[in-house]
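# A look at the structure
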Amino acid sequence: MTHNGRPVARAALILMVSFLMAPAGLAAVSVHGVSCATGLSPSLHFTLLVPTSNPARRAWAAIIQSELQCLGMDVSRVELPFSPNIYDRALTPPASNIGKTFDQGGFDILFVGYNLGIDPDPYSLYHSSQFAPSGGNYYLWNNAQDDNLTNLVKGALDPAVRANYVQQWQVLANNELPSIPILYDKEIVAFDSNFPNAQSVFSLYHFPAWPPVEHLSTASGVTSLILAETGQAPGQGIVPELSTSYYDLAVSGEIFGALAIRNDTIFQNMVPELAAGTDASPGWSLAADNTTWTVNIRPNVPWQDSVCCVNATDVKFTFDLVQNDTFGSPVESFVKGIVGGIDNVTITNPGVPGVGGGTVVFHLPSPYAYFVQNILTTAILPSHILKAFSADYSLIDKSLFNNPATGSTAVSASLPRGTGPYIYKDYNSATSTNHLMKNANYFDFPDWGTSALAAKGQFGVQDYYVRTIVGGDQAVTALSSGEVDILDSQYHLETQPNFLSTWGSSKLSIYNSYGVQEMGVNMEHPVLGTGTATPYALAHPGNARQQRTPQDGFDRRLATLPLGRT
C-alpha cells in the first residue's frame, strides 16, 4: 500500500521473523509446544487480519500467531484480500465499522506495509483529525500529545526545529505503539534482459518516484513491458484521490500528472511538472507570511483526450473535489487540514483559451512545511470530464473513469484520462491485466518530459501492461517463462532464495526502501487499544493505571510480551 510519508520509531517489541519461511508452509505452523502456556483465564481473544496478496506478510503473521498462542492467548488469523474486505474493515470503512473489533466487522490487529516516503510528517496518519475513512489515521489513535507534536512538525519551517519535534514524536509512538514495526524493508525488483538500464532505474525511481516506465531503455525490437504485481489493480480505483493502494499506483502513476513531482529517490528534489518553471526556478513561491503559496501553471499541456489545455480551472476543480464530502476521498481530511477549505484556493489568472496555464493561489490557515511535497503532488484531474458528475460526485467512485474493470458508464463513458506519459486503453478480465499505451503528445518538462527522456534513449515502451498475479511462486514462474518482464517489489523475493540465486544479480535491483512492515492496532479496541476491558482492568475496576482513555494507547502488558523465540 502507499500513503503519505511517516516515520515510525524503533519498537519496544522486536519480532525476529524468518525471511525464508515458505508461504506453502503456513498451515503447518505448530502451536502449543511443550513449553507453551495452557491458557489465560479469562481468555484473551483477538484476530490477526492479513492481506492475501503478500506471502511474506502471511508468513510473519503465522509465526506471531503461533507465539501468541504459545503464551496462552486465543489468537485467530484471517487472510482476506485488500479489496473490498480490508478496505471495508480498516482502511476506508463505512461509519458502522469504524472502531469495531474484528468480530463486529472491524479489525483488531492488521498486518500492513507502509511506504514511509522521504519527508517525516506523521500528521496525515496519526493526528486525531485524520480518522478513516476520510483520513489516513486507520488506527484511530486519539492522543493529545500526538496531536500537539504532529501539528508542530507540520508547521515548523526550520528543518532543525522540525527534526527535533519528529524525534519527540518518535519517542511517544515508541511508548504508545499504535503500530508495531516488524521490520524495515530492503526491496527487490526482478526483471528480464529486455530493459538494459533497469537495474539503475529501479534503484533511482522506486516509491515515492514510482513507477518509472518512461525512464526505461529497451533492447532492439522490444516495444512492450508487462509488470506483475501481487495486489489487485484496480483495487480502490485509478483516480489517485480515491485510492490508498500501492498497487493502483502502478497504473495511475503513469496516467496522471501533478503540479510537482519528486525527481528521484537519490537527490530527492522537487521538480515542477504541471507547474511552470524549471528545477532551479520552479513556478511556485511562498509569500512572507509563510501561508500564501502562488503557483503558475505550465501552458500548452494537453489532456490525453486531446483537449487543450491544463489550466487554473482544472487545478481549483481538483482541490475543490478532494475537499467535497460527496466525493468521498480518503485524503479529504488531510487536504482540508492543510488547505483549509475550497475558499482557500483562488484563481488569479484563468489562463489563455487554447493555451491553458494561469495562476492559482493557496491561502493556508497556517504554515505547512511540506506543501510542495504533499500538496502540489496531488494528481490534477480533468474538470472538462469530471464536471459531468457535479450532480453527485460520489458516482465517480463506481464510474468507468475510476474503475475500467467494472465501472459504470451511466454519467460518463470516459476511461481515466490525465496528462501523463501513458494513456489507459483497456482491461482484460481474463488475465487481470491493465493495458496502457504511450502518450504521443506527452509534454516537455525538465528531466521527465518527452525531449529529456528521448535524449537519454528512454521512453521506448509503447505498450505497458500491469497484470495481477497473486503469489510469489506463480509470479516467479511467469517471469522465468517470459510471460512477464518485471516482478514488483511487493512479492518479497527474499522468500525465494533459490530463484534469486539462479536468476542472477544483474537482473535484480536491490535497494533500501522507505517502507516498514508493521502490525497496526485498532486503538478503539477495548482490549488492545484502550485497555479498559483487559482481564486485569475488569478484575480491578478501581485501579487507576487501568482506567484508560482512547488517547492513552496500546495496553503496555501486551506490548512487552516476550515474542520472537523462533
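Quick notes on the rules
Residues numbered from 1 in each chain as written. Predicted model: local features only at pLDDT ≥ 70, side-chain atom pairs only at ≥ 80, totals over all residues. Heavy atoms only, no water. Helix = DSSP H or I, 4+ residues; strand = E, 2+ residues; numbered from the N terminus. Buried < 20%, exposed > 50% of the residue type's maximum accessible area, 1.4 Å probe, protein only. Areas by Shrake-Rupley, 256 points an atom, 1.4 Å probe, with all protein chains shown as cover. Salt bridge = Lys/Arg side-chain N within 4 Å of Asp/Glu carboxyl O. Axes fitted to C-alpha atoms, helices over the stretch in contact; angles between N-to-C directions. Parallel < 35°, antiparallel > 145°, perpendicular 65-115°, else oblique. Left-handed = near helix turned anticlockwise from the far one by under 90°. Contact = heavy atoms within 4.5 Å. Nonpolar A, V, L, I, M, F, W, Y, C, P; charged D, E, K, R; others polar. Pairing = 2+ DSSP bridges. Core = buried A, V, L, I, M, F, W, Y, C linked by side-chain atoms within 4.5 Å. Phe/Tyr/Trp six-rings, centres within 6.5 Å; stacked < 30°, edge-to-face > 60°. pLDDT = per-residue confidence, 0-100. Disulfide = S-S within 2.5 Å. Expected span 1.5 Å × (residues − 1). Polar contact = N/O pair within 3.5 Å; in protein donor to acceptor, adjacent residues only side chain to side chain.

Okay, the overall build of the protein chain next. For the protein chain, the helix and strand inventory stands at 16 helices and 16 strands. Looking at the protein chain residue by residue over its 566 residues, the buried ones come to 59%. Put simply, the protein chain shows about 20,400 Å² of open surface, and 53% of that area lies on carbon and sulfur atoms.

Glancing now at the pattern of salt bridges. Within the structure shown, the criterion is met by eight salt bridges. In this structure, the salt-bridge partner of Asp-325 is Lys-336, at a minimum N-O distance of 3.1 Å. Within this pair, whereas Asp-325 is found in the loop between helix H8 (312-322) and helix H9 (332-339), its partner Lys-336 is found in helix H9, the two being separated by 11 residues in sequence. The salt bridge partner of Glu-332 is Lys-336, with a shortest N-O separation of 2.9 Å. In this pair, Glu-332 and Lys-336 are both assigned in helix H9, four residues apart and thus about one turn of the helix distant. A network of salt bridges, in which partner residues are shared, links Arg-58, Arg-77 and Glu-79.

Right, let's talk about the packing of helix H4 (residues 144-155) against helix H5 (residues 159-176) for a bit. Running from N to C, H4 and H5 point in directions that differ by 155°, and their axes come no closer than 9 Å. For the element pair H4 / H5, the angle class is roughly antiparallel. Crossing of H4 against H5: the hand is left-handed. Residue-level contacts link Gln-145, Asp-146, Leu-149, Thr-150, Leu-152 and Val-153 of H4 to Arg-162, Tyr-165, Val-166, Gln-168, Trp-169 and Leu-172 of H5. When the residues that make up the contact of H4 with H5 are grouped by side-chain class, the tally is seven nonpolar, three polar and two charged.

The next thing to look at is unusual backbone geometry. In this structure, the amide linkage connecting Phe-207 to the following residue, Pro-208, adopts the cis form with an omega of 10°. Relative to the assigned elements, Pro-208 resides in the loop between helix H6 (198-204) and strand S5 (224-229). At the junction of Cys-308 and Cys-309, the peptide bond is cis and its omega measures out at 0° in the coordinates. One non-glycine residue with positive phi stands out, namely Phe-459, at about 65°. Its place among the elements puts Phe-459 in the loop between helix H12 (450-455) and strand S14 (463-468). The exposure class assigned to Phe-459 is buried, which follows from its relative accessible area of 4%.

Strand order in the open sheet made by the four strands is S8-S9-S11-S10, with antiparallel pairing throughout. In the strand order of this sheet, the two ends are held by strand S8 (284-286) and strand S10 (345-349), each with one partner. Taken over all neighbouring pairs, the strand axes of this sheet differ in orientation by 20° on average, direction set aside. Here S8 pairs with strand S9 (residues 292-299) via three bridges, running antiparallel. When the bridges of S9 are listed, Trp-284 appears paired with Val-295.

Attention now moves to the side chain of Asn-54. Position of Asn-54 relative to the elements: it lies in the loop between strand S1 (45-51) and helix H1 (55-70). Judged by its relative accessible area of 0%, Asn-54 falls in the buried class. If near-sequence neighbours (up to four positions away) are discounted, Asn-54 is found in contact with Gln-490 and His-492.

The subject of this paragraph is the nonpolar core. The tendency in soluble globular proteins is for nonpolar side chains to be buried side by side. Core analysis: the largest hydrophobic core is formed by 133 residues, its most contacted members being Phe-362 and Tyr-464. Residues within four places of Tyr-464 in sequence aside, it is in contact with Pro-211, Val-213, Leu-225, Leu-227, Ala-250, Glu-254, Tyr-422, Asn-434, His-435 and Leu-436. Ile-188, Ala-190, Ala-478 and Phe-499 belong to the second-largest nonpolar core, a separate cluster that totals 17 residues.

The subject of this paragraph is the packing of aromatic side chains. Taken as a whole, this structure holds 23 aromatic pairs when the rule is applied. Aromatic pair Tyr-368 and Tyr-370: ring centres 6.2 Å apart, planes at 85°, arrangement edge-to-face. Residue Tyr-368 is classed as buried on the basis of its relative accessible area of 2%. Relative to Phe-445, the ring of Tyr-442 lies with its centre 6.3 Å away and its plane at 85°, an arrangement referred to as edge-to-face. Accessibility expressed as a relative area gives 6% for Tyr-442, which makes it buried. One aromatic cluster is present, formed by Tyr-422, Tyr-442, Phe-443, Phe-445, Phe-459 and Tyr-464 through successive ring pairs.

What follows covers the environment of Ala-410. Along the chain, Ala-410 turns up in the loop between helix H11 (383-386) and strand S12 (422-428). For the pair Ala-410 and Leu-400, spaced 10 residues apart in sequence, the C-alpha separation works out to 8.9 Å.

With that out of the way, let us pick up the confidence of the model for the protein chain. On average, residues of the protein chain score 88 in pLDDT, and 89% of them reach the 70 mark or higher. Below a pLDDT of 50 lies the segment residues 1-33, which in the model reaches 109 contacts outside its immediate sequence neighbourhood of four places, other chains included. Contacts of residues 544-566 to residues separated by more than four positions or lying in other chains number 70 contacts, the stretch itself having pLDDT below 50.

Attention shifts here to the state of the cysteines. Scanning the model with the defined rule gives one disulfide in all. Each disulfide pairs two cysteine sulfurs, and for Cys-308 the partner residue is Cys-309, the sulfurs being separated by 1.5 Å. The chirality of the disulfide connecting Cys-308 with Cys-309 is left-handed, given an S-S dihedral of about -55°. Here Cys-308 falls in the partly exposed class, since its relative accessible area comes to 39%. Here Cys-309 falls in the buried class, since its relative accessible area comes to 5%.

By the secondary structure assignment, Gln-130 is in the loop between helix H3 (123-126) and H4. Excluding its chain neighbours within four sequence positions, the residues that come into contact with Gln-130 are Tyr-123, Ser-124, Gly-135, Gly-136, Asn-137, Ser-333 and Phe-334.

Taking burial as the measure, the 10 residues of helix H2 (residues 82-91) include seven buried ones, the bulk of the element. Three or more residues of H2 are buried, namely Phe-82, Ser-83, Ile-86, Tyr-87, Arg-89, Ala-90 and Leu-91.

Moving on, we get to H1. When the terminal C-alpha atoms of H1 are compared, their 23 Å separation across 16 residues agrees well with the 22 Å that a helix rising 1.5 Å per residue should span. Two or three places before Ala-56, at the opening of H1, Asn-54 has a side-chain oxygen 3.2 Å from that residue's backbone nitrogen. Following H1 by one or two positions, Gly-72 has its phi on the positive side, about 100°.

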